[in-house]
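Listed here are the chains, written in short residue letters.
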Amino acid sequence: MRRGPAVALGLLASLLVTGCSPKPEPTPAGEQTPVPQQVELSYTVPGGMSEVPMPAATPEGGVQYDIKLYRGKDSCELRVVRLVLPRGDGQEDQDATYNMLGAIMKASGISQFSTNGVMVPGDPGPIPTLTASGQTSKAALRAVGRLSNESLQGYQLVYGCEKAKLAEGTWTTLVESLKVTGFTGPLTEH
């Protein structure tokens, strides 16, 4: 089975982002640390894409994640990841999000990429979110996501195609369809 540019990048990016997190602070006796919950995502899968069965995800480095993978006959792929970090690393959310999306791009061989902010509808919301886009000589990749060191919640949608087959209109429609429920991180723009 052929794997396109978007497969397995979110997991790698998640591991890169969490790999340098400091040790968690001990919880005083008798106090319970609230467990962060994964956000709920709603989005419209691009036409012609089908969900590909994925094996159950085992937490890596304490990161809990849920991954959905969709493939199209045009060799494009969409990967949707919801994650919860075991601890923050002290970065502001804007920097953590940029590093997460940058890791995805760099893992795909894209060293130069552009970013832009977008407000995603949500409950509560809207949620300041980052988009990234880049390409190699053969593949094009688009990503949208947010990572919060405050709430330890994260999400990312990554859309990749052979360079000539990526339709910007399809990506725009996907981003416009995104809604996030249950995000508890900061809602202020940076």
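The rules behind these values
Residues numbered from 1 in each chain as written. Predicted model: local features only at pLDDT ≥ 70, side-chain atom pairs only at ≥ 80, totals over all residues. Heavy atoms only, no water. Helix = DSSP H or I, 4+ residues; strand = E, 2+ residues; numbered from the N terminus. Contact = heavy atoms within 4.5 Å. Areas by Shrake-Rupley, 256 points an atom, 1.4 Å probe, with all protein chains shown as cover. Buried < 20%, exposed > 50% of the residue type's maximum accessible area, 1.4 Å probe, protein only. Lys, Arg positive; Asp, Glu negative; His and termini not counted. Salt bridge = Lys/Arg side-chain N within 4 Å of Asp/Glu carboxyl O. Polar contact = N/O pair within 3.5 Å; in protein donor to acceptor, adjacent residues only side chain to side chain. Arc of directions from axis to C-beta. Pairing = 2+ DSSP bridges. Core = buried A, V, L, I, M, F, W, Y, C linked by side-chain atoms within 4.5 Å.

**Student:** Go over the overall build of the protein chain with me, naming the residues and quoting the values.
**Tutor:** If you tally the helices and strands in the protein chain, you get three helices and ten strands. Mapped in sequence order, the helices and strands of the protein chain form the string α-β-β-β-β-α-β-β-β-β-β-α-β. Considering only contacts in the protein chain between residues 6 or more positions apart, those separated by 24 or more positions represent 66%. If you sum the accessible surface of the protein chain, you get close to 9800 Å²; carbon and sulfur atoms cover 51% of it.

**Student:** Give a detailed account of the side chain of Asp89, specifying residues and quantitative values.
**Tutor:** Within the element layout of this structure, Asp89 appears in the loop between β4 (77–84) and α2 (93–107). Put simply, Asp89 is tucked away with no salt bridge, and the nearest opposite charge, on Arg87, sits 9.3 Å away. A polar atom in the side chain of Asp89 sits 3.0 Å from the backbone nitrogen of Gln91. A polar contact of 2.9 Å, which involves the side chain of Asp89, links it to the side chain of Asn149.

**Student:** Got a sec to walk through helix α3 (residues 168–177)? Specific residues and values, please.
**Tutor:** Residues that lie three or four places apart on an α-helix share one face, since the helix turns once every 3.6 residues. Within the span of α3, buried status applies to Trp171, Leu174 and Val175. Around the axis of α3, the buried residues are gathered within 95° of arc, so they sit on the same side. Here the buried face of α3 lies against β4, β5 (114–120), β8 (139–147) and β9 (153–162).

**Student:** Tell me about unusual backbone geometry, and please be specific about residues and values.
**Tutor:** Across residues other than glycine, the phi torsion is negative in most instances, and most of the peptide bonds are trans. Between Asp123 and the following residue, Pro124, the backbone shows a cis peptide bond with an omega angle of -5°. You can see Pro124 is positioned in the loop between β6 (122–123) and β7 (127–135). With omega at 0°, the peptide bond leading from Gly125 into Pro126 counts as cis. Along the polypeptide, Pro126 turns up in the loop between β6 and β7. Of note in this structure, Ser75 is not a glycine but carries a positive phi near 75°. Positive phi, normally seen in glycine, also occurs at Leu152, with a value near 65°. The residue Leu152 is located in the loop between β8 and β9 in this model. The exposure class assigned to Leu152 is buried, which follows from its relative accessible area of 13%.

**Student:** Explain the pairing of β9 to me, and be specific about the residues and the numbers.
**Tutor:** Across the ten residues of β9, nine count as buried, placing the element largely inside the fold. As paired elements, β4 and β9 share eight bridges and run antiparallel to each other. Each bridged residue has a counterpart across the sheet, and for Arg79 the counterpart in β9 is Val158. Between β8 and the antiparallel strand that follows it, β9, lie five residues; Leu152 among them carries a positive phi value of about 65°.

**Student:** Please set out the nonpolar core residue by residue, giving values where relevant.
**Tutor:** Core analysis: the largest hydrophobic core is formed by 23 residues, its most contacted members being Leu41, Leu157, Leu178 and Val180. Of all the secondary-structure elements, those providing two or more residues to this core are β4, β8, β9 and α3. Looking at this core, the element that brings in the most residues is β9, giving four residues. Filtering out sequence-adjacent residues up to four positions away, Leu178 remains in contact with Leu41, Ser42, Tyr43, Val120, Pro121, Val144, Tyr155 and Leu157. In this structure, Val81, Phe113, Ala132 and Val158 belong to the second largest nonpolar core, which totals 20 residues.

**Student:** Provide a residue-level description of the pattern of salt bridges, including the pertinent values.
**Tutor:** For the coordinates displayed, the defined rule picks out seven salt bridges. A salt bridge links Arg82 to Glu40; its shortest N-O distance comes to 3.2 Å. With Arg82 in strand β4 and Glu40 in strand β1 (residues 40–42), this residue pair connects regions lying 42 residues apart in the sequence. Of the residues examined, Glu40 reaches a relative accessible area of 48% and is grouped as partly exposed.

Everything listed here is a matter of coordinates, which is why it stays silent on function.
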